[in-house]
Amino acid sequence: MAMAYPERQLEKIIKQFCKQTDTKCTVGADGWMFTLQKNGKKSFVIGYKFDLNNATSCMLCDDKSALSEILKNSDIPCVEHRFIEAPNGYNKTEEQNLKELEAMLNQHGELVLKPNIGSGGRSVVRVNDMDTIKLYLSKHLSAKRPVGVCKFEHIKNEYRIVC
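Note that the coordinates shown come from a computational prediction; the quantities given were computed from them, not determined experimentally.

### Thoughts on the side chain of S65
- Inspection of the secondary structure assignment puts S65 in helix α3 (residues 64-73).
- By relative accessible area, which is 6% here, S65 ends up buried.
- A polar contact of 3.4 Å, which involves the side chain of S65, links it to the backbone nitrogen of F83.
- At 2.7 Å, the side chain of S65 and the side chain of N116 are in polar contact.
- Leave out the neighbours within four places in its chain, and S65 touches H81, R82, F83, N116 and G148.

What follows is the structure in structure tokens.
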């Protein structure tokens, strides 16, 4: 007997898109792989990777801070993200990072901290004080995981698929 798996947000979005565009969608690998068919053409999605994107595009889409900078510079509305990494002598110091984050917090009241690359919604926190920010940074930066930071925004629907 096949074991049921929880439907991921991406799976819901792909199914909704396929329904709206009259595209056949076959789900495989417990919701990790999709075959999309329309007008005699097939496309594949594995995990969060679409076959229509080259490797650089895939890397850009995984990097929240880099993508927000590209979108902003292209005058495309987006939630701007800042990139924070552990000080290593080539980038900002811990003091500079904290000063920048405190200014953002004072300006916006609430921030969202998350792993800068991927995460699937894990380790995403909404913060409104510097103590929580320092604790989060300590945990993630010490593990050499860069952090993406943005202001908190109330968003009704968010779609991140570009075709």
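### Digging into helix α5 (residues 130-142)
- When the terminal C-alpha atoms of α5 are compared, their 18 Å separation across 13 residues agrees well with the 18 Å that a helix rising 1.5 Å per residue should span.
- Every buried residue of α5 is listed here: M130, I133, Y136, L137, H140 and L141. On an axial view of α5, the arc spanned by its buried residues comes to 120°, and they lie on one face. Seen from the open side of α5, the exposed residues pointing more than 90 degrees away from its buried face are D131, L135, K139 and S142.
- Buried residues belonging to α5 abut β5 (82-84), α4 (94-108), β6 (111-115), β7 (125-127) and β8 (147-151).
- Just downstream of α5 lies K144, where phi reads positive at about 60°.

### Notes on a nonpolar patch on the surface
- A surface patch of nonpolar side chains, amounting to about 410 Å² of accessible area, comprises W32, M33, I46 and Y48.
- If you trace the backbone, Y48 turns up in the loop between β3 (41-46) and β4 (49-50).
- Overall, Y48 belongs to the partly exposed group, its relative accessible area being 45%.

### Let's talk about the sheet that holds strand β1 (residues 24-28)
- Pairing within the open sheet is antiparallel, and its four strands lie in the order β1-β2-β3-β4. Looking at the sheet topology across the chains shown, the edges are occupied by β1 and β4.
- Bridge count for β3 against β4 is two bridges, and the pairing is antiparallel. Across the sheet, residue I46 finds its bridge partner in β4, namely K49.
- Sheet strands in contact with helix α1 (residues 9-21) are β1, β2 (33-38) and β3, and its direction is about 10° off that of β2.

### What about the pairing of β3?
- Here six bridges tie β2 to β3, and the two strands are oriented antiparallel to one another. Directly across from F34, in β3, lies its bridge partner V45.
- Hairpin connection between β2 and β3: a loop of two residues separates the two successive antiparallel strands, and N39 in this loop has a positive phi of roughly 50°.
- Where β3 hands over to β4, the hairpin turn is made up of two residues, of which G47 adopts a positive phi near 65°.

Definitions and limits used
- Per chain, the residues get numbers from 1 upward, laid out in the order the sequence is written.
- Local features in a predicted model are, by the rule used here, given only for residues with pLDDT of at least 70; side-chain atom pairs are given and counted only at 80 or more, and totals for whole chains, interfaces and linings are based on all residues.
- Excluded from the side-chain calculation are hydrogens and water; included are all heavy atoms of the structure.
- Helix and strand assignments come from DSSP, with helices taken as H or I runs of at least 4 residues and strands as E runs of at least 2, each series counted from the N terminus.
- Whether a residue is buried, partly exposed or exposed follows from its accessible area with a 1.4 Å probe, protein chains only, as a fraction of its type maximum: under 20%, in between, or over 50%, in that order.
- A 3.5 Å cut-off defines polar contacts: any pair of N or O atoms within that distance qualifies, except that in protein one atom must be a possible hydrogen donor and the other a possible acceptor, and neighbouring residues in sequence count only when both atoms are side-chain atoms.
- Throughout, a residue-residue contact means that at least one pair of heavy atoms, one from each residue, lies within 4.5 Å.
- How far a helix is expected to stretch is found by multiplying one less than its residue total by 1.5 Å.
- Directions are taken from the helix axis to each C-beta atom, and the arc is the one they span.
- Residues qualify for a patch when their relative accessible area is over 30% and they have no salt bridge, like charges being joined within 9 Å and the nonpolar side chains of Val, Leu, Ile, Met, Phe, Trp and Tyr within 5 Å.
- All accessible areas in this document rest on Shrake-Rupley with a 1.4 Å probe, and a residue is counted as covered only by the protein chains that are shown.
- Within this document, salt bridges are pairs made up of a side-chain nitrogen of Lys or Arg and a carboxyl oxygen of Asp or Glu, the two lying within 4 Å of each other.
- Between any two strands, pairing holds if DSSP finds at least two bridges.
- Working convention: axes come from line fits to C-alpha atoms, limited for helices to the stretch in contact. Angles between N-to-C directions cover 0 to 180 degrees.

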